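# Residue-level structure breakdown
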Amino acid sequence: MQNQVPIRHYYLDEAGDGTLFDHHGRILVGSEGCSNYFMLGMISVADPVGLSNRLETLRQSLITDPYFEGVPSFDLAQRKTAIGFHAKDDLPEVRWAVMQLLRREDLGFFAVVSSKKSVLKMVHEQNSADPTYRYHPNQMYDYQVQRLLRGRLHRHSSYHIHFAGRGKADRTAALKAAVILCQSRYIEERGIASTPALKVSIESSRDVGGLQAADYFLWTLQRFYERGEDRYMKALWPRYRMVIDTTDNDRSLAGRHYTQKRPLTLAVVRKY
């Protein structure tokens, strides 16, 4: 048995949403305001406390910089950059500063991307086979959790999985069950002797540096897929470890895996 190293922290957040239909069962995919992709991203951090401290130090230095005086996103009442980094709300100058910091950090980013058009096709096929089947957005989220964590919950002595909060519903128990199932299946398949301890928590991004970092990486990936903008992703690409495009099944039943050796570029990515 190989020597295990102490607790590892993973920070998971999402971009887009798993919604395919409105309350009347009408298809929303392809309509204005509906995302074309749903993606789940994860940051693996060696020094989570250090990362949080460095992000907070950066944020405080920006808050006190006269250059940003009077900027709405720095107004505490707006609850944006004044309380935490969030790529969608931050100014371009702020984004650049955060990205420069993240490029220097000892971390790795992993993501799973699903085309909602392809998921919709699979839902229709499932309905044809079983008319009682009803899709729920949590199904896509839970599936991506399984894909993202598979093979990443056995090398360390224990894991703390931090999920960014999603709405008002408390899904801690359901997510913990999904994580445990993912771990147990892999350990059984591979005949691994020990089972590392797991802790699962749902937290607010504004309070957790690792979740703010995950948000930034996801924002760059979302801009790439939804808008075809690659310059943001290129800035952080050295910290990308793997992107799994689950619905690129023409080339592989497991989807397409993009890594440092097989870069994700606009020239090679499959469009749906």
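Just so we're clear, the structure is a prediction, and the values are computed from it rather than from any experiment.

Rules of the game
- Residues numbered from 1 in each chain as written.
- Predicted model: local features only at pLDDT ≥ 70, side-chain atom pairs only at ≥ 80, totals over all residues.
- Heavy atoms only, no water.
- Salt bridge = Lys/Arg side-chain N within 4 Å of Asp/Glu carboxyl O.
- Buried < 20%, exposed > 50% of the residue type's maximum accessible area, 1.4 Å probe, protein only.
- Helix = DSSP H or I, 4+ residues; strand = E, 2+ residues; numbered from the N terminus.
- Pairing = 2+ DSSP bridges.
- Axes fitted to C-alpha atoms, helices over the stretch in contact; angles between N-to-C directions.
- Parallel < 35°, antiparallel > 145°, perpendicular 65-115°, else oblique.
- Contact = heavy atoms within 4.5 Å.
- Nonpolar A, V, L, I, M, F, W, Y, C, P; charged D, E, K, R; others polar.
- pLDDT = per-residue confidence, 0-100.

Time to look at the pattern of salt bridges. In this structure the tally under the stated criterion is seven salt bridges. Measuring nitrogen to oxygen at the nearest pair gives 3.1 Å for the salt bridge that ties D89 to K88. Among the residues examined, D89 registers a relative accessible area of 23% and is labelled partly exposed. On the basis of relative accessibility, which here comes to 57%, the residue K88 falls in the exposed class.

So, about the pairing of strand β3 (residues 107–115). Judged by how many residues are buried, β3 sits mostly within the fold: nine of nine residues are covered. Residues L107, F109, A111, V113 and S115 of β3 are buried on one face, and the alternating residues G108, F110, V112 and S114, pointing to the opposite face, are buried as well. Two elements, strand β2 (residues 37–45) and β3, share nine bridges in a ladder whose sense is antiparallel. Counted as the bridge partner of M39 is V113 from β3.

Quick look at the packing of helix α1 (residues 48–63) against helix α6 (residues 209–227) now. At a closest axis distance of 8 Å, the pairing of α1 and α6 adopts a crossing angle of 75°. Looking at the two axes, α1 sits roughly perpendicular to α6. Within the contact between the two elements, α1 uses L51, S52 and L55 and α6 uses G209, G210 and A213. Class assignment of the residues belonging to the contact of α1 with α6 gives a composition of three nonpolar, three polar and no charged.

We now examine the confidence of the model for the chain. For the chain, mean pLDDT is 88; residues scoring 70 or higher make up 93% of the total. For the chain, helix α3 (residues 116–129) is the element with the lowest average pLDDT, namely 84, and helix α2 (residues 92–104) is the one with the highest, namely 97.

Take the environment of A87 next. Along the polypeptide, A87 turns up in the loop between α1 and α2. Considered as a pair, A87 and A213 are 126 residues apart in the sequence and their alpha carbons are 9.2 Å apart. Sequence-distant contacts of A87, defined by excluding residues within four places in its chain, comprise R95, D215, Y216 and W219.

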